[in-house]
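# Close look at the chain arrangement
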Amino acid sequence: MNVDDQVLPNSRSVPWAISFAMRPELRSRLFDEAAEHRLAALGSVRAEVIDDFTSPAAREALRTSDVLVTGWGCPVLEPDVMAGSRLQAVVHAAGTVKNHVPDAFWSSGIAVSSAADANAVPVAEYTVAQVLLANKQVGAIQAAYRSERAGADWSARFPEAGNYRRTVGVVGASKIGRRVLELLTAFDLDLLLHDPYVDADTARRLGARQAGLDEVFRTSDIVTLHAPDLPETRHLADARRLALMRPGAVLVNTARGGLVDTAALTDAVLSGRVRAVLDVTEPEVLPVDSPLYDHPGVVLTPHVAGSVGGELRRLGDAAVSEVESWVRTGAFRAPVRPETLSIMA
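Cut-offs and rules
- Residues numbered from 1 in each chain as written.
- Predicted model: local features only at pLDDT ≥ 70, side-chain atom pairs only at ≥ 80, totals over all residues.
- Heavy atoms only, no water.
- UniProt positions renumbered as here; feature names shortened; annotations may be inferred.
- Phe/Tyr/Trp six-rings, centres within 6.5 Å; stacked < 30°, edge-to-face > 60°.
- pLDDT = per-residue confidence, 0-100.
- Contact = heavy atoms within 4.5 Å.
- Helix = DSSP H or I, 4+ residues; strand = E, 2+ residues; numbered from the N terminus.
- Buried < 20%, exposed > 50% of the residue type's maximum accessible area, 1.4 Å probe, protein only.

As annotated in an unreviewed UniProt entry, the protein chain is Hydroxyacid dehydrogenase from Myceligenerans salitolerans. Taken from UniProt, the Sequence similarities (unreviewed entry) comment for the protein chain reads in full: "Belongs to the D-isomer specific 2-hydroxyacid dehydrogenase family."

What follows is the structure in structure tokens.
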């Protein structure tokens, strides 16, 4: 099977069979009526949603389906599950496919796509919003105003507040990291980028200056993490690097909780030296007695930077576009390649 980017004729005399594998309640949240109509125009779309590959009905669906549309909660596509399947393509209506596409899957030759590009949009928007608000010290000013309920010379009380000529360090030129850089170039900020796979010329084209990881932590007013969760990136924000940060600097993590040493960050926050914006943590839900919940220097959200609410429709639309591309041309616009999966989020 050819899954390269070149356009291929993909006509056939029998209808394409399309199935869904995800948490059942997700289908209606991802795919509105228009999206369902687009899929129906491509072939036969199964009404049931698979969330367990062990049932006879699920095995029959896999055996007789050409395209599997997956989402959060999709069971793992183990080799024994795929035995006898005629699947040609898996289209993931979310970001990473690592949770349900194991290493052994790739030898099947089945093409894989994901909506990672679409999911990068809200994460980048959330990140940029938090960067701008953190530099403006909105949280501290809001707390003071709420407490005092009186006018004040806020500029004198918060002389470091503002975004003009502040330095923002981006760690990781991932899909999200690149979009963050693209959005931040609209502001009067100095941008740094650390990514071992990006050279100085590429960093400049992205609007940033290439910098080492320690330099990013030492010189940035805000450090925002967009690296994948790999053995070599685990706890890259450790006690030593957190100690390099300027007093009052902010660490933003919308990537993976394992990038940050939670104990070391908690100590840094409690000391008053560092502030943090955390949408992901390790563990994913912090213990109920974690001081990070109530600390005034921390913005803590429960992994909502990615697609939520109405933003799920963007993921569904992106997945439908990929199914259309595959059915009509035999190629994806956003294929997932096994050779690059190891350095992706």
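Another point: the packing of aromatic side chains. On inspection of all chains with the given rule, the structure shows five aromatic pairs. When the centroid spacing of 6.0 Å and the interplanar angle of 80° are considered together, the rings of tyrosine 145 and tryptophan 154 count as edge-to-face. Among the aromatic residues, those joined into a cluster by ring pairs are Tyr145, Trp154 and Phe158.

A few words on the confidence of the model for the protein chain. For the protein chain, per-residue confidence averages 94 on the pLDDT scale, and 96% of positions sit at 70 or higher. Throughout residues 1-9 the model reports pLDDT below 50, and contacts reaching past four residues in sequence, or to other chains, amount to 23 contacts.

In this fold, serine 325 is placed in helix H13 (residues 312-329). Judged by its relative accessible area of 10%, serine 325 is buried. Excluding residues that lie within four positions of it along the chain, serine 325 makes contacts with Gly330, Ala331, Phe332 and Arg333.

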